[in-house]
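One-letter residues, chain by chain:
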Amino acid sequence: MEQWRDRLALVTGASGQGLKVVGCARPVSNIEELAAKCKSIGYPRTLIPHRCDLSSEEDILSTFLAVCSQHSGVDICINNAGLAWPDTLLSGNTSSWKDMFNVNMLALSICTREAHQSMKEWKVDDGHIININSMSGHQVSPHSVIHFYSATKYAITTLTEGLRQELRECISPEEAETQFSFKLHNKDPEKAAAIYECIKCLKPEDVAEAVIYVLKHPSTCPGESGLDCPPPGRAQPSQRRRAGRPSGWGEHPVCLKPCAFQQIGDIQMRPTE
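Everything numeric here is computed off the predicted structure, so don't read it as measured data.

**Brief notes about the overall build of the protein chain**
Now for step 1: On a plain count of helices and strands, the protein chain comes out with seven helices and six strands.
Now for step 2: Considering the protein chain as a whole, with its 273 residues, one finds that 48% of them fall into the buried category.
Now for step 3: For the protein chain, the accessible area works out to roughly 14,100 Å², and carbon and sulfur atoms hold 53% of it.

**Remarks on the pattern of salt bridges**
Now for step 1: Taken as a whole and judged by the stated rule, the model has six salt bridges.
Now for step 2: One salt bridge in this structure joins Arg 113 and Glu 114, with 2.9 Å as the shortest N-O distance.
Now for step 3: Residue class for Arg 113 comes out partly exposed when judged on its relative accessible area of 39%.
Now for step 4: Two residues, Glu 161 and Arg 164, come together in a salt bridge whose shortest N-O distance is 2.6 Å. Highlighted residues: Glu 161 and Arg 164, both in helix α4 (residues 147–166), separated by three residues, approximately one helical turn.
Now for step 5: Using a relative accessible area of 21% as the deciding quantity, one classes Glu 161 as partly exposed.
Now for step 6: Each of the salt bridges in this network shares a partner with another, and the network as a whole consists of Arg 7, Asp 75 and Asp 126.

**Some points on the pairing of strand β1 (residues 8–12)**
Now for step 1: Counting buried positions along β1 yields five of five residues, so the element is predominantly enclosed.
Now for step 2: Taking every second residue as pointing to the same face, both faces of β1 are buried, with Leu 8, Leu 10 and Thr 12 on one and Ala 9 and Val 11 on the other.
Now for step 3: Summarising the sheet, β1 and strand β2 (residues 20–25) pair through five bridges and their orientation is parallel. The residue of β2 that forms the bridge with Ala 9 is Val 21.

**A word on the environment of Asp 75**
Now for step 1: One can find Asp 75 in the loop between α2 (57–71) and β4 (76–79).
Now for step 2: In this structure Asp 75 comes out as buried when scored by relative accessible area, which is 8%.
Now for step 3: Through-space distance from the C-alpha of Asp 75 to that of Ala 115 is 8.1 Å; in sequence the pair is 40 residues apart.

**Focus: the packing of aromatic side chains**
Now for step 1: What the rule picks out here adds up to one aromatic pair.
Now for step 2: A ring pair is formed by Trp 97 and Phe 148, whose centres lie 5.4 Å apart and whose planes are at 10°; its orientation type is stacked. In this pair, Trp 97 sits in helix α3 (residues 94–121) while Phe 148 sits in helix α4, placing the two residues 51 residues apart along the sequence.

**Examining the nonpolar core**
Now for step 1: In terms of nonpolar packing, the biggest core is built from 27 residues, with Leu 54, Ile 60, Phe 64 and Cys 77 touching the most fellow members.
Now for step 2: Listing elements by their share of this core, those giving two or more residues are β1, β2, α2, α3 and α4.
Now for step 3: Considering each element in turn, this core owes the most residues, seven residues, to α3.
Now for step 4: Residues contacting Leu 54, with those up to four places away along its chain left out, are Thr 12, Gly 13, Ile 60, Ala 81, Asn 102, Ala 107 and Cys 111.

**Details of the side chain of Thr 160**
Now for step 1: Among the secondary structure elements, Thr 160 is positioned in helix α4.
Now for step 2: A distance of 2.8 Å separates the side chain of Thr 160 from the side chain of Asn 131, its partner in a polar contact.

**Regarding the confidence of the model for the protein chain**
Low-pLDDT portions of the prediction should not be read for the details of their coordinates.
Now for step 1: Scored by pLDDT, the protein chain comes out at a mean of 75, with 67% of its residues at no less than 70.
Now for step 2: Mean pLDDT across the secondary structure elements of the protein chain bottoms out at strand β6 (residues 267–268), with 44, and peaks at α3, with 95.
Now for step 3: Taken as a whole, residues 221–273 scores under 50 in pLDDT and shows 146 contacts with residues more than four places along the chain or in a different chain.

The rules behind each value
- Residues numbered from 1 in each chain as written.
- Predicted model: local features only at pLDDT ≥ 70, side-chain atom pairs only at ≥ 80, totals over all residues.
- Heavy atoms only, no water.
- Helix = DSSP H or I, 4+ residues; strand = E, 2+ residues; numbered from the N terminus.
- Buried < 20%, exposed > 50% of the residue type's maximum accessible area, 1.4 Å probe, protein only.
- Areas by Shrake-Rupley, 256 points an atom, 1.4 Å probe, with all protein chains shown as cover.
- Salt bridge = Lys/Arg side-chain N within 4 Å of Asp/Glu carboxyl O.
- Pairing = 2+ DSSP bridges.
- Phe/Tyr/Trp six-rings, centres within 6.5 Å; stacked < 30°, edge-to-face > 60°.
- Core = buried A, V, L, I, M, F, W, Y, C linked by side-chain atoms within 4.5 Å.
- Contact = heavy atoms within 4.5 Å.
- Polar contact = N/O pair within 3.5 Å; in protein donor to acceptor, adjacent residues only side chain to side chain.
- pLDDT = per-residue confidence, 0-100.

This is the structure we're talking about:
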């Protein structure tokens, strides 16, 4: 991680090693609390809260403008923000569908575009774009209330693959113990709590470990490689294989067996101009 000292990562949906992190979200109270903790243990300006409504392109563009002007551009962009409303396909609310589309798909695409432009402008040739997807983007749940949400996550799978082809990778965790279910079932907190009780959930730090592993991965690593996933929350390489992929696909570690992380990787940004 030493290569990222004094570099900058922008993380959407954000509620060491000298890396500055700009945490973007609509409510920033949680980020401000964490930033205060970082400061109290001797890491001031390590975490920088930034209020941004990701459903607004104007907000996103102003965020990137501020980051570029104040911090000399983006080195890492982590598209983490996600939104779900409990609306079925047969009786869902159109405005809820639009909210999920705007945040889960459109905001991710805008942030990706702006991060890439920033990296080209500041001549960053080792940057990363990391999409935090979901297992809902790889399999359709029998729970009707998340079918539209799942469609947006399938779109992220497609967008990530398309971006990989245009440039040169996507973390899809199973259920993680965050506030996601409580927001999804905001009128039924007991149901939300039951979701976390009936299955063994990942912890947020498990997903963070996968991201850190990606950032530690050397950019010179050969492209045709695969990783057999260990138990959830421990993203460490244990096996390599030739997958017969065309040359130029770049680093794309994937699971060789079902587990909590279906894909572990990111898109290694190598500006083409």
